[in-house]
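# Structural description and commentary
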Amino acid sequence: MSGPNSEYDPVQVTPLDEEHVNAMREEALAAIAAATDLEALKRVRAEHAGDRSPIALANREIGALPPQARKDAGQRVGQARGLINQALAQRQAELEIEAEARMLVEETVDVTLPWDRATQGARHPITTLSERIADVFVAMGWEVAEGPLVEAEWLNFDALNLGPDHPARTMQDTFWADPPEDHLVLRTHTSPVQARTMLTREPPIYVVCPGRVFRTDEYDATHSPMFHQVEGLVIDEGISMAHLKGTLDHFAESIFGPGIDTRFRPSYFPFTEPSAEVDLRCFVCRGLSPAVDDCRTCKGEGWIEWGGCGVVNPRVLTACGVDSDRYTGFAFGMGIDRTLMFRHGVADMRDMFEGDVRFSTAFGSEL
Ligand code: DAH
């Protein structure tokens, strides 16, 4: 039987000896001091004080030591762990203060900055003019009608007496939508809204329709593949060309001022018979050019081309289910962009579509 081996001192040969414990402690303290943020400290805590850290593993060995050595080792390890935990808590507190200070700097808001100097946007003058035009008609009891931009070929053309072989179809360079068998177009004018309105409601009809239209035009100072028109349509008993003239004169005066009226020149549109081109009395020279001076706005003409109009063709009434024996009507259509151009001296159409807010702000704000 062998007695206790007095030569055997487990403290010397396990990770529990002083040197090892000190090394583990110093390593842990150095790592704690080196942690620069809370995230890093969290990793250090797991590595040096967690369940699988060297010091925790060493702690588990204590039970295997003889009683005297157990006490020493227990003290040593306990002290080291205490120091490590204390250092962790201290570093944690420091880093929390740092994080908060950093947040205050990074997320700071200077409430003394001038908050009311932000540049404001502006409504587009085409929008405000469209609304102003609609208001003129709403004030007379008309309604605003709308239709889709992608339109059925039949409504854009056929219903308006523009059959497939009608030569006037080619006057409007059309964007066709795919697939061709769907027979859809980007509407080339606002006139299909006439057809839609007649097909969906009973006369009397008094509608105005401002909106976008599309044609395969070049994009230059006077053309754009997208532009705006306003369409008007009246269907009632006893409506004549005289009502049309009176309406357009009132429209002209409302937008361009007292005394500005219109004149008709004979023309042709498949959807109206008779048809006319509408000219607007020049609101600058009041029709006196060229007798008085060479007006820049009307180029010395005294009149400005404004749009097309006429008495609704009975064929259109019939196609749209309106009794052409009982009802007659008139229609007109003009370009809103063109109207804006000569009303405000806009020289290049592209300025209206390129979205530079400086163009819009120049028109001021209009509610
Ligand atoms: N839709 C025609 C165009 O785009 C304009 C027009 C002319 C509309 C005569 C009408 C009208 O309602 O009666 O060129």
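What counts and how
Residues numbered from 1 in each chain as written. Predicted model: local features only at pLDDT ≥ 70, side-chain atom pairs only at ≥ 80, totals over all residues. Heavy atoms only, no water. Near = heavy atom within 4 Å. Polar contact = N/O pair within 3.5 Å; in protein donor to acceptor, adjacent residues only side chain to side chain. Areas by Shrake-Rupley, 256 points an atom, 1.4 Å probe, with all protein chains shown as cover. Helix = DSSP H or I, 4+ residues; strand = E, 2+ residues; numbered from the N terminus. Nonpolar A, V, L, I, M, F, W, Y, C, P; charged D, E, K, R; others polar. Pairing = 2+ DSSP bridges. Buried < 20%, exposed > 50% of the residue type's maximum accessible area, 1.4 Å probe, protein only. Axes fitted to C-alpha atoms, helices over the stretch in contact; angles between N-to-C directions. Parallel < 35°, antiparallel > 145°, perpendicular 65-115°, else oblique. Left-handed = near helix turned anticlockwise from the far one by under 90°. Contact = heavy atoms within 4.5 Å. Domains from an automatic or database assignment. Salt bridge = Lys/Arg side-chain N within 4 Å of Asp/Glu carboxyl O.

A few words on the site of the ligand. The ligand sits among 16 residues. The nearest are His 189, Ser 191, Arg 215, Gln 229 and Glu 231. Ser 191 places a polar side-chain atom, nitrogen or oxygen, 3.0 Å from a nitrogen atom of the ligand. Within the side chain of Arg 215, an N or O atom sits 2.8 Å from an oxygen atom of the ligand. Contact with the protein chains removes 91% of the 360 Å² of surface that the ligand exposes when unbound. Of all the secondary-structure elements, those providing two or more residues to the shell around the ligand are strand S6 (226-236), strand S9 (303-312) and strand S10 (328-335). A breakdown of the residues in the shell around the ligand according to their chemical character gives five nonpolar, nine polar and two charged.

Moving on to the sheet that holds strand S4 (residues 184-186). Strand order in the open sheet formed by three strands is S2-S4-S3, and the pairing between neighbours is antiparallel. Two strands lie at the open edges of the sheet, namely strand S2 (150-152) and strand S3 (176-177), each paired on one side alone. Summarising the sheet, S2 and S4 pair through three bridges and their orientation is antiparallel. Looking at the pairing, Val 150 lines up with Leu 186 of S4.

Moving on, we get to the pairing of strand S5 (residues 205-214). Buried residues dominate S5, accounting for seven of its ten residues. With two bridges connecting them, strand S1 (residues 143-144) and S5 associate as parallel partners. Its bridge partner being in S5, Val 144 is matched across the sheet by Val 208.

This next bit is on the packing of helix H4 (residues 54-61) against helix H5 (residues 67-106). The interhelical angle for the contact between H4 and H5, taken along N-to-C directions, is 155 degrees, at an axis separation of 10 Å. Regarding the angle of H4 to H5, the classification is roughly antiparallel. Crossing geometry of H4 relative to H5 is assigned as left-handed. Seen from H4, the contacting residues are Ile 55, Ala 56 and Asn 59; seen from H5, they are Val 77, Ala 80, Arg 81 and Ile 84.

Between helix H2 (residues 18-34) and H5, the shortest axis-to-axis distance is 10 Å and the interhelical angle comes to 5 degrees. By the angle class used here, H2 and H5 are roughly parallel. Contacts between H2 and H5 involve Glu 18, Val 21, Arg 25, Ala 28, Leu 29, Ile 32 and Ala 33 on the former and, on the latter, Arg 76, Val 77, Ala 80, Leu 83, Ile 84, Ala 87, Leu 88 and Arg 91.

Another aspect to go through is unusual backbone geometry. With the exception of glycine, most residues fall at negative phi, and the peptide bonds are largely trans. The omega torsion of the bond from Pro 203 to Pro 204 falls at 5 degrees, within 30 degrees of zero and hence cis. Position of Pro 204 among the secondary structure elements: in the loop between helix H8 (192-200) and S5. The residue after Glu 273, namely Pro 274, is reached through a cis peptide bond having omega -5 degrees. For Pro 274, the location among the structural elements is in strand S8 (residues 272-281). Positive phi values are uncommon outside glycine, yet His 183 reaches one of about 55 degrees. Here His 183 lies in the loop between S3 and S4.

A few words on the domain arrangement of the chain. The assigned domain composition of the chain is domain 1 (10-106) and domain 2 (125-361). On a C-alpha basis, the centres of domain 1 and domain 2 stand 85 Å from each other.

In this section: the pattern of salt bridges. For the structure shown, the criterion picks out 13 salt bridges. With a shortest N-O distance of 2.7 Å, Asp 261 and Arg 281 are connected by a salt bridge. One end of the pair, Asp 261, is in the loop between helix H9 (241-256) and strand S7 (262-269); the other, Arg 281, is in strand S8, with 20 residues separating them in the sequence. Through salt bridges that share partners, Arg 263, Arg 265 and Asp 279 make up one connected network.

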